[in-house]
Amino acid sequence: MSLKFRLLKPMKLDREYDVVIVGAGPAGLTAALYSARFMLKTLVIADDVGGTLNDAGEVDDYPGIPSIQGPDLAKKFESHVVKYKVPILRDTVVDIRRNGGGAFKVITKKGKEFVAQAVILAVGSKRRKLGVPGEDRLSGRGVTYCAPCDAPMFRGKVVAVVGGGNSALQAAVLLSSYANKVYLIHRRDKFRAFPVYVKLVTQDPKIELVLNHVVAEIGGEEKVEWVRVRNVKTGEEKMIELDGVVIEIGSEPPREFFQKIGIEIDEKGHALVDKEMRTSIEGIYAAGDCAAGPCKKKFDQVVTAAAEGAIAALSAYEYIMRKKSGEVETPTFD
Ligand SMILES: Cc1cc2nc3c(=O)[nH]c(=O)nc-3n(C[C@H](O)[C@H](O)[C@H](O)COP(=O)(O)OP(=O)(O)OC[C@H]3O[C@@H](n4cnc5c(N)ncnc54)[C@H](O)[C@@H]3O)c2cc1C
C-alpha cells in the first residue's frame, strides 16, 4: 500500500509497564532511551514531545552538535527513543497512586490507567514571564529566558536583564562579558542575591542598575528595539533603547501535581531528589528542570536534564532488579 493511503493504526498499549516516564523533554526522552537499553518495559506519557526545547530557538551548547534549532534537537532525541520502540503517549498525567504490591497506578487526563513498578517524573518547570505587551511577540527575537543559552547572541550589543535574584545577577555578570552595556532592571531597591554577585554587579562599569523599576512594555518591529520602564515609586516612565531583554525572574515547577502525588518538594515547588534522582517515595524518581535537592547543582540546561534522565533510569533499573530479587521489601501502603 502506498504511504499516501496507509491509515495510521491507533497505538496499542499494554496496561502494565516496568517504568512509566512522565514528560518527553530532554530528561524524559533520555530516561526512556536508557530504560529501554536496560530492557525495561517502558512507556512515556507526555503533553508534547520535546518540552521546552520547542521554545528554545537556536541551541548552540549541546556537545557534539555545534548549532541546531531546539525543535530539531527534540526530533533527534525522539527518533533515538523510537529506535528502541518505546511508545510515547500524548496525554497528561493527572495523578499517580499506589496500586498495592509496591506498584503505582498512573492516571491520565483522557481516563487511561497504567500500572508501573517505577515512575520517572520529568515534567519540567515553566519559566516565569513578565506578562507585558510585546513579550510574547518578540520572544526568540531578542526576548529570552535563558542567559547561559543566549548570552553569546548579545556580543557587542545593549541588553537588559530583568530580575533581582541570584540568576538575574549572574546573568548580568555573564552578559557584561559579551555586551557593550547591560541594564539590570529590578522592581525593588535591594537585590535578593548572594553578596558576591551584588558586589560584582555594582562594581562592573558596563552594568547600569535600574532599581525600583518594572518593565511596562517591550517594543520593536521585527526584533527588540526598546523597553518602556516604570518607576514603582513615582509612576514616571522612560524608554531605554536596546537589542535584547533577558528575563530571569524564576520558574514554576508543577507544585500542585507533586503535592497531589505526595512527594516532598522544596520551597520553590521542585521535586526533592537525592543524587540518585530518588524522590521521597520509593520507586518514584524525578529528573531535569522539575527536580532539585542539596546533592544536585541546579543548572537547567538540555545537557544536565539529559544526564539526570539517564541517572534516573539507572536508579529505576536497580530498584526494579532489587525488587525482583526480593531485596526490596514490598512497601505497605495505606
Ligand atoms: C527560551 C529558552 C531557551 C533555552 N535554550 C537553551 C539552550 O540553548 N541550551 C540549553 O542547554 N538549554 C536551553 N534551555 C533550557 C532547556 O530547554 C531546559 O533546561 C530543558 O528543556 C529541560 O528539560 P526537561 O526534560 O527537564 O523539561 P522540559 O523540556 O520542560 O520537558 C517537560 C516535559 O514534561 C511534559 N509534561 C509536563 N507535565 C506533564 C504532565 N502532567 N503529564 C504529561 N506530560 C507532562 C511536557 O509536555 C514536556 O514534554 C532553554 C530554555 C528556554 C525557556
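Heads up: the structure comes first, above all this text.
My aim in this report is to walk through the structure given alongside it, one point at a time. Values in this document were obtained by computation on a predicted structure and should not be read as measured data.

### Remarks on the overall build of the protein
Okay, step 1: Within the protein, the secondary structure is distributed over seven helices and 21 strands.
Okay, step 2: Relative to the globule expectation of 20 Å for 334 residues, the C-alpha radius of gyration of the protein, 22 Å, shows essentially globular dimensions.
Okay, step 3: Counting only C-alpha atoms, the protein reaches 65 × 55 × 35 Å along its principal axes.
Okay, step 4: Counting only residues that meet the buried cut, the protein has 47% of its 334 residues in that class.
Okay, step 5: Within the protein, contacts between residues at least 6 apart in sequence are counted, and of these 57% link residues at least 24 apart.
Okay, step 6: Of the charged side chains in the protein, 49 are positive and 44 negative, and the gap between their average positions amounts to 3 Å.

### Describing the packing of aromatic side chains
Okay, step 1: Scanning the entire structure with this criterion turns up six aromatic pairs.
Okay, step 2: Residues tyrosine 17 and phenylalanine 114 carry aromatic rings whose centres are separated by 6.2 Å and whose planes lie at 65° to one another, so their mutual orientation is edge-to-face. Of this pair, tyrosine 17 sits in strand β1 (residues 16-22) while phenylalanine 114 sits in strand β8 (residues 113-121), and the two are 97 residues apart along the sequence.
Okay, step 3: Judged by relative accessible area, which is 3%, phenylalanine 114 ranks as buried.
Okay, step 4: Seen in terms of ring centroids, tyrosine 285 and tyrosine 319 are 6.4 Å apart; in terms of plane orientation they differ by 65°. Their pairing is edge-to-face. With tyrosine 285 in strand β20 (residues 284-286) and tyrosine 319 in helix α7 (residues 302-324), the pair connects residues that are 34 residues apart, well separated along the chain.

Quick notes on the rules
Residues numbered from 1 in each chain as written. Predicted model: local features only at pLDDT ≥ 70, side-chain atom pairs only at ≥ 80, totals over all residues. Heavy atoms only, no water. Helix = DSSP H or I, 4+ residues; strand = E, 2+ residues; numbered from the N terminus. Rg over C-alpha atoms; globule rule 2.2 N^0.38 Å. Buried < 20%, exposed > 50% of the residue type's maximum accessible area, 1.4 Å probe, protein only. Contact = heavy atoms within 4.5 Å. Lys, Arg positive; Asp, Glu negative; His and termini not counted. Charge placed at Lys NZ, Arg CZ, Asp CG, Glu CD. Phe/Tyr/Trp six-rings, centres within 6.5 Å; stacked < 30°, edge-to-face > 60°.

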